[in-house]
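Geometric and topological summary
Here is how the chains run, residue by residue.
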Amino acid sequence: MNNDSSLKVLLVEDNPVNQKVTLYQLKSLGYLADVSASGQEALARMAESDYDLILTNCEMPGMDGYALTEAIRRLEVDAVGDRPLPVVVLAMNADNTPQEQSRCLAVGMNDVLSKPVRKDELALKLEQWSQKIFTARSQGSTSEVPLEHPAPAASPDQDGSNPPLDWEHLHQMSDDSYEFEIELLTVFVEDAQVHLKAVTTAIAESNYWEVEQAAHHIKGASANVGAKTMQAAAAEIEQQARRQKLEGTAQLLTEIEQALTSIEKFVQKNS
């Protein structure tokens with residue numbers, strides 16, 4: 001694998017759980033990366049340092065991944081000749097439909113990774129694009145890196161003895177590092193509790209936008225740790241908020257709360 005440390009990577013991700021997972025995966029593959037929690041922060045970092053490759057979440061508050069990519073491409077047009085290559089942008093997107101892939105490419109992204117990002121898929125994409133970057137660099141090319149069209153992509157135990165997690169996914173993602181799994185789940189529980197409270201408050205106030213944003217956050221973090229019960233319930237709440245019809249959310253919130261309680265007790269027992 002060509003994991004030359006000279007490849008400069010920037011991760012743009014607002015979700016702390018997703019940040020931790022992706023940085024861990026990158027490190028285990030031999031890549032070091034800086035991290036920004038927003039599109040605005042990423043642009044500020046890029047003004048101070050040239051990056052070869054950007055891994056960006058598509059949906060973020062403020063400047064999202066789409067707007068960030070468009071801003072990057074505009075800056076490149078304005079600074080023709082100032083850098084050897086346009087930066088490669090890889091989207092991390094939970095929506096793997098052909099329409100969404102087309103949207104990513106249309107704003108100037110180079111490729112798409114489905115969320116939750118699997119380590120083997122991440123490794124393949126990084127290998128493919130790093131080879132193109134290093135080849136173009138060695139040839140002194142100032143032409144664009146070509147765009148490519150990607151291929152389409154139980155009731156919890158409340159004592160924490162059997163939390164509702166996809167352990168196969170979690171072990172694969174962590175390279176069977178038990179220590180990292182507990183560390184990750186600790187961050188996940190703390191983060192999910194904050195956003196669960198936000199969802200509950202927003203539902204009570206019929207604030208559909210806030211419900212959608214907080215539920216989306218829980219969905220993404222849950223997918224990354226393999227908390228499928230929470231992921232499914234949060235996804236349903238998110239869809240309902242988009243339709244502006246909050247029906248049966250009390251049961252969905254209960255499912256999330258029960259699963260989160262079980263995971264929290266497991267973490268406490270095994271920390």
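Conventions we followed
Residues numbered from 1 in each chain as written. Predicted model: local features only at pLDDT ≥ 70, side-chain atom pairs only at ≥ 80, totals over all residues. Heavy atoms only, no water. Phe/Tyr/Trp six-rings, centres within 6.5 Å; stacked < 30°, edge-to-face > 60°. Buried < 20%, exposed > 50% of the residue type's maximum accessible area, 1.4 Å probe, protein only. Lys NZ or Arg CZ within 6 Å of the ring centre and 35° of its normal. Pairing = 2+ DSSP bridges. Helix = DSSP H or I, 4+ residues; strand = E, 2+ residues; numbered from the N terminus. Axes fitted to C-alpha atoms, helices over the stretch in contact; angles between N-to-C directions. Arc of directions from axis to C-beta. Contact = heavy atoms within 4.5 Å. Expected span 1.5 Å × (residues − 1). Salt bridge = Lys/Arg side-chain N within 4 Å of Asp/Glu carboxyl O.

Describing the packing of aromatic side chains
In this structure the tally under the stated criterion is two aromatic pairs. Their ring planes at 15 degrees and their centres at 3.6 Å tell us that tyrosine 24 and phenylalanine 180 sit as a pair that is stacked. Residue tyrosine 24 is classed as partly exposed on the basis of its relative accessible area of 21%. Among the residues examined, phenylalanine 180 registers a relative accessible area of 7% and is labelled buried. Arginine 103 extends its terminal NZ or CZ atom over the ring of tyrosine 66, reaching a point 3.6 Å from the ring centre. Positioned above the aromatic ring of tryptophan 129, the side-chain terminus of lysine 132 is 4.3 Å from the ring centre.

Observations concerning the sheet that holds strand E5 (residues 111-114)
Across the sheet, which stays open at both edges, the five strands sit in the order E2-E1-E3-E4-E5 with parallel pairing between neighbours. Each edge of the open sheet carries a strand with a single partner, namely strand E2 (33-36) and E5. Going across the sheet, the axis of each strand differs from the next one's by a mean of 20 degrees, ignoring polarity.

Re helix H6 (residues 167-174)
Taken as a whole, H6 has its buried residues at His169, Leu170, Met173 and Ser174. Within H6, the buried residues cover an arc of 115 degrees as seen down the axis, which keeps them to one side. Where H6 is buried, its residues meet helix H1 (16-28), helix H7 (178-204) and helix H8 (208-225). Positive backbone phi, at 55 degrees, marks aspartate 175, one or two positions downstream of H6.

Section: helix H9 (residues 228-243)
Its 16 residues give H9 an end-to-end C-alpha distance of 23 Å, which sits within 8% of 22 Å, the value for a rise of 1.5 Å per residue. Of all the positions in H9, only Met230, Ala233, Ala234, Ile237, Glu238, Gln240 and Ala241 are classed as buried. Buried positions in H9, seen along its axis, are confined to an arc of 165 degrees and lie on one side of it. Looking at the buried side of H9, the elements it contacts are H7, H8 and helix H10 (249-270).

Observations concerning the pattern of salt bridges
According to the stated counting rule, one finds 11 salt bridges in the structure shown. Here lysine 20 makes a salt bridge to glutamate 183, at a shortest N to O gap of 2.7 Å. Of the residues examined, lysine 20 reaches a relative accessible area of 22% and is grouped as partly exposed. In this structure, the salt-bridge partner of lysine 228 is aspartate 166, at a minimum N-O distance of 3.3 Å. Note that lysine 228 is positioned in helix H9 and aspartate 166 in the loop between helix H5 (119-138) and H6, a separation of 62 residues in sequence. Through salt bridges with shared partners, a single network forms among Glu212, Lys219, Glu238 and Arg242.

Interpretation note: all reported values are geometric properties and have no functional meaning in isolation.
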